[in-house]
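# Structure assessment
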Amino acid sequence: MLLGPALTVSGVLFALGVLGVLLRRNAIVIFMCVELMLNAANLAFVAFAQQLGVAGQIFVFFVMAVAAAEAAVGLAIILAVYRHRHTVDLQNIDLLKG
Amino acid sequence: MDGTLIIFWAFAALAGFSGLACITRRSPVASALWLVVTLFSLAALFVLLDAQFIAVLQVLVYAGAIMVLFLFVIMLLNLGRGGPTDLKGPLGLGLGVFLAGLLLVQLLVLRQTGTAAGGPARAALEQGMIAAVARPLFTAYLVPFEITSILLLAAIVGAVVLAKRNL
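Every chain's residues receive numbers from 1 upward, in the order its sequence appears when written. For this description, chains carry letters from A and ligands carry numbers from 1, given in the order in which they are written. Confidence filtering applies because this is a predicted model: local features only for residues at pLDDT of at least 70, side-chain atom pairs given and counted only at 80 or more, and all residues used for totals across whole chains, interfaces and linings.

### Quick look at the overall build of chain B
When you go through chain B residue by residue, the secondary structure sums to 6 helices and 0 strands. Moving toward the C terminus, one meets the helices and strands of chain B in the order α-α-α-α-α-α. By residue count, 25% of the 167 residues in chain B fall in the buried class. Across chain B, contacts joining residues at least 24 apart in sequence account for 56% of those joining residues at least 6 apart. In DSSP terms, a helix is any run of H or I states spanning at least four residues, a strand is any run of E spanning at least two, and both are numbered starting from the N terminus. Neighbour counting defines burial: a residue surrounded by 20 or more other C-beta atoms within 10 Å of its own C-beta is buried, one with 12 or fewer is exposed, and intermediate counts give partly exposed, using backbone-placed C-beta atoms. Contact between two residues is assigned when their C-beta atoms, built from the backbone, lie within 7 Å.

Spelled out as structure tokens, the structure:
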């Protein structure tokens, strides 16, 4: 069965996404790493759906819809931030830092 | 079965490699294109896991729509080249690698212990086809489906309000 290998790949991709979020400073790249984590979760959902019924695939559908909404709003926020600060480097966006 | 496993691991290796390239490339455009490769190989994995409809959605929605949106914003902001120091310093690097590695170990241990999935896999034909996914979507999951449409509407309005210079 492919469940075990799929969960391994899912875990590796999720850890890669976390690593990207922790390492990068570019807001857009961090955002793409979040998408990578969502996709890793989707892979786990699909792998379990193969054994436990089709509900997992429906959850993937919802995750995709939420990811699309998140991408639209998040990129709009990045655009607005860029318009004010002329950078998307998170090191320079420290208004809330004491 | 053996051939399936070989194809699976080939696409899994491609996904892992391109994911790694996505988080290490300095230019955001290169990162985005490597992420597209990851999404495509994940779509191939979805096909191997009997989720053909989800695989089509993955290519259409993720690799098509969402990544185009990302590339559009990157090029709109003229970020194509990327600064010299995008990665964090040695302390941040070590801490990040440590935390991500810890998470990876936890996930793999969890995978070893808790995967007591019941029952054999269903027949491939009754899964993944559009009817098998769509019927529960419009019966058992109708309310979440409708709420999703409201969420998308709210996201559209929110994106316009946020990104427009002055309403």
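Still to come is the rest of the account.
### Re the overall build of chain A
A count of helices and strands for chain A gives 3 helices and 0 strands. Listing the helices and strands of chain A from first to last along the sequence gives α-α-α. In terms of overall dimensions, chain A has C-alpha extents of about 50 × 25 × 20 Å along its principal axes. For chain A, buried positions account for 53% of its 98 residues.

### Considerations on helix α3 (residues 52-76) of chain B
Here α3(B) spans 34 Å end to end across 25 residues, near enough to the 36 Å set by a 1.5 Å rise per residue. Bending of α3(B) peaks at approximately 30° at the position of Met67(B). Among the residues of α3(B), those classed as buried are Phe53(B), Ile54(B), Ala55(B), Leu57(B), Gln58(B), Tyr62(B), Ile66(B), Phe70(B), Val73(B) and Ile74(B). Along its buried surface, α3(B) packs onto α2 (27-52) and α3 (55-85) of chain A together with α2 (28-48) and α5 (130-138) of chain B. Here the expected span of a helix is defined as 1.5 Å times the quantity of residues minus one. The bend reported for a residue corresponds to the angle between axes fitted to the seven residues ending at that residue and the seven starting there.

### Some thoughts on the domain arrangement of chain B
The split of the chain into domains comes from an automatic or database domain assignment. The domain architecture assigned to chain B consists of domain 1 (1-82) and domain 2 (129-167). One C-alpha centre belongs to domain 1 of chain B, the other to domain 2 of chain B, and the line joining them spans 23 Å.

### Things to note about the interface of chain A and chain B
Taken together, the 63 residues of chain A in the interface contact 70 residues of chain B. No other element matches α3(A), which puts 22 residues into the side of chain A that touches chain B. Gly is placed with the polar residues, together with every amino acid not listed as nonpolar (Ala, Val, Leu, Ile, Met, Phe, Trp, Tyr, Cys and Pro) or charged (Asp, Glu, Lys and Arg). Here the side of chain A that touches chain B is built from residues that sort into 50 nonpolar, 9 polar and 4 charged.

### A closer look at α2(A)
Residues and elements named next belong to chain A. Counted at 1.5 Å a residue, the expected span for α2 with its 26 residues is 38 Å, and the 37 Å between its end C-alpha atoms agrees. Of all 26 residues making up α2, 20 are buried, and the element is well covered by its neighbours. Trailing α2 by a residue or two, Gly 53 shows a phi angle of about 110°, which is positive.

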